[in-house]
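Geometric and topological summary
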2 protein chains.
Amino acid sequence: MSHHYHPDPGKEVRLKDYITRFEGDFDKDEAAAEEAELEERLANLQERLYAESKQSLLVVLQAMDAGGKDGTIKHVFDAVNPQGVRITSFKVPTAEELVHDFLWRIHQHTPPKGYIGIFNRSHYEDVLVVRVNDLVSKSVWKARYDHINNFERLLVDSGTRILKFFLHISKDEQKERFQDRLDRPDKRWKFSMGDLPVREKWDDYMEAYEDVLTRCNTEYAPWYIIPADRKWYRNYIVTKVIVETLEAMNPQFPPAEEGLDKVVIPD
Amino acid sequence: MSHHYHPDPGKEVRLKDYITRFEGDFDKDEAAAEEAELEERLANLQERLYAESKQSLLVVLQAMDAGGKDGTIKHVFDAVNPQGVRITSFKVPTAEELVHDFLWRIHQHTPPKGYIGIFNRSHYEDVLVVRVNDLVSKSVWKARYDHINNFERLLVDSGTRILKFFLHISKDEQKERFQDRLDRPDKRWKFSMGDLPVREKWDDYMEAYEDVLTRCNTEYAPWYIIPADRKWYRNYIVTKVIVETLEAMNPQFPPAEEGLDKVVIPD
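Residues numbered from 1 in each chain as written. Chains lettered and ligands numbered in written order. Predicted model: local features only at pLDDT ≥ 70, side-chain atom pairs only at ≥ 80, totals over all residues. Heavy atoms only, no water.

In this section: the packing of aromatic side chains. Evaluated as defined, the whole model comprises 34 aromatic pairs over all chains. In this structure an aromatic cluster arises from ring pairing among Tyr5(A), Phe22(A), Phe26(A), Trp232(A), Tyr233(A) and Tyr236(A). Looking at Arg86(B), its charged tip hangs above the ring of Tyr115(B), at a distance of 4.2 Å from the centre. Looking at Arg153(B), its charged tip hangs above the ring of Tyr220(B), at a distance of 4.4 Å from the centre. (Phe/Tyr/Trp six-rings, centres within 6.5 Å; stacked < 30°, edge-to-face > 60°. Lys NZ or Arg CZ within 6 Å of the ring centre and 35° of its normal.)

What follows is the structure, given as structure tokens:
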């Protein structure tokens, strides 16, 4: 089922061909039942990955505002030992970051062997917000797709698996979530007036995302387009893809040191 | 009850005066019942801390091998949104770290405003393992207690609360836990032959810890000596101290931006 949401590499992506709201014959209770078991597998796989310390997993999350990046991280990695997970939220670049190439700050946070790294936003912002707002010239952002593909290839060649999720919500769903933030006193701080001009450029962002999902959707670093209007379904699919990927990576507890059978621990 | 385990600042600490095994009139089931409620408070406090973004909390964990640092982190922060927590495990310093002062690498990982930082081992190793193994001269490590106190003062003055936990286990308990690691195929990788020479120097380590707990136990950055032979009790007390501290810090959701009452989200 999850492969369903990974477009074939090379295929031109049109987002209107991808649903935002799952309406199939599968409900929240069924997902919850399966998820308890998926989470147990995930916790076990993470422990093996950490113990083995030979491979790592990088999870990239991108979405429009209120698309559910925070909620996904909180939910999917709930059962995982936090010590094996490194989460990086990329904000507006600092002055120091801006005087380097756009991948400089990203590279510093790629997961070391044994770890799961999670990017809440990522280097893709440099071909999304940067492009939509003309922060660099077209020739500069156009060259970045190749830079990104090459960079991701470097990581993969060094033992990092990469999974990229676009949490795909409808414009109506965003409106509802913004309204919810305005209505709830404990959520208001999440709303910023600056979110509205971004919403106004919705179509420009969708176009920029389509280029990302077309040009940087490789065999070695696949994009998944997740129907994200329903949170339970989004969480379920993301968890499933991560568990299946870790299972394919098949991390193993390392062999014990030689001679441990004969060890006697002195008093 | 938790204040019980924080020696008065300035008092000379003798570890034999502190229990490793809790034997009081309070059992695992009672702790579990209270902990569910503590964890809920912790999750809520962390969300407020993150939203407020004006203060941070640094939790330092130190213990002998198998003392339960990993288990404490996994258990205590289970219910907390991983995105607001930054865990740093300090290993043997790298070549680059060694050509700086001993606090250089530590400083890079202090928690930013809004975050809970957790140190699995810390700058205290520089007056523990370094001292016991004569890695620097006595005059060098002796000067470090003041450097540490000054550094922690800097952090506290900048809005970081500091809590330091020594997970106090008995030498017998360590033996049992090492044996358990040897006996369980999924735990063997955690055992290293290098753990045994460290165990042999147990008394030297206790003496070094006593100096740490005497000289660096300040009003502004208190040490707690946690009876840690029983894991459930250790987890309960550490959670309790953290929750009480965050409650005293009293983080608040920030006020919403002006004029949000009049906002209408366009379609």
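Back to the write-up after that little detour.
Quick look at the sheet that holds strand 3 (residues 116-120) of chain A now. Residue and element names in this part refer to chain A. Strand order in the open sheet formed by 5 strands is 2-3-1-4-5, and the pairing between neighbours is parallel. Unpaired on one side and paired on the other, strand 2 (85-89) and strand 5 (223-227) mark the two borders of the sheet. Adjacent strand axes in the sheet meet at a mean angle of 20° when their direction is disregarded. As paired elements, strand 2 and strand 3 share 5 bridges and run parallel to each other. From the neighbouring strand, Ile-87 faces strand 3, where its bridge partner is Ile-118. Helix 10 (residues 231-249) contacts strand 1 (56-63), strand 3, strand 4 (160-168) and strand 5 of the sheet and is inclined by roughly 170° relative to strand 4. (Pairing = 2+ DSSP bridges. Helix = DSSP H or I, 4+ residues; strand = E, 2+ residues; numbered from the N terminus. Axes fitted to C-alpha atoms, helices over the stretch in contact; angles between N-to-C directions. Contact = heavy atoms within 4.5 Å.)

This part is about the confidence of the model for chain A. Mean pLDDT over chain A works out to 95, with 99% of the residues at or above the 70 mark. Across the interfaces of the predicted complex, the ipTM metric reaches 0.79, alongside a pTM of 0.88. (pLDDT = per-residue confidence, 0-100.)

Scanning the entire structure with this criterion turns up 46 salt bridges over all chains. The residue Arg188(A) makes a salt bridge to Asp261(B) at a minimum N-O spacing of 3.0 Å. Here the residue Arg188(A) occupies a position in the loop between helix 7 (171-183) and helix 8 (195-200), and Asp261(B) occupies one in the segment after helix 10 (231-249), the pair thus bridging two chains. Classification of Arg188(A) by relative accessible area gives partly exposed; the value is 21%. Looking at Asp261(B), the relative accessible area reads 66%, which means it is exposed. In this structure, Asp17(B) engages Lys16(B) in a salt bridge whose closest nitrogen and oxygen atoms are separated by 3.6 Å. A relative accessible area of 55% means that Asp17(B) is categorised as exposed. Salt bridges sharing common partners tie together Glu12(A), Arg14(A) and Glu210(A). (Salt bridge = Lys/Arg side-chain N within 4 Å of Asp/Glu carboxyl O. Buried < 20%, exposed > 50% of the residue type's maximum accessible area, 1.4 Å probe, protein only.)

This brings us to the side chain of His6(A). Residue and element names in this part refer to chain A. Within the element layout of this structure, His-6 appears in the segment before helix 1 (28-52). The buried category is assigned to His-6, whose relative accessible area is 18%. A polar contact is formed between the side chain of His-6 and the side chain of Asn-217, at a distance of 3.4 Å. Looking at His-6, its side chain comes within polar contact range of the main-chain oxygen of Trp-223, at 2.9 Å. In contact with His-6, other than residues within four places in its own chain, are Asn-217, Thr-218, Pro-222, Trp-223 and Tyr-224. (Polar contact = N/O pair within 3.5 Å; in protein donor to acceptor, adjacent residues only side chain to side chain.)

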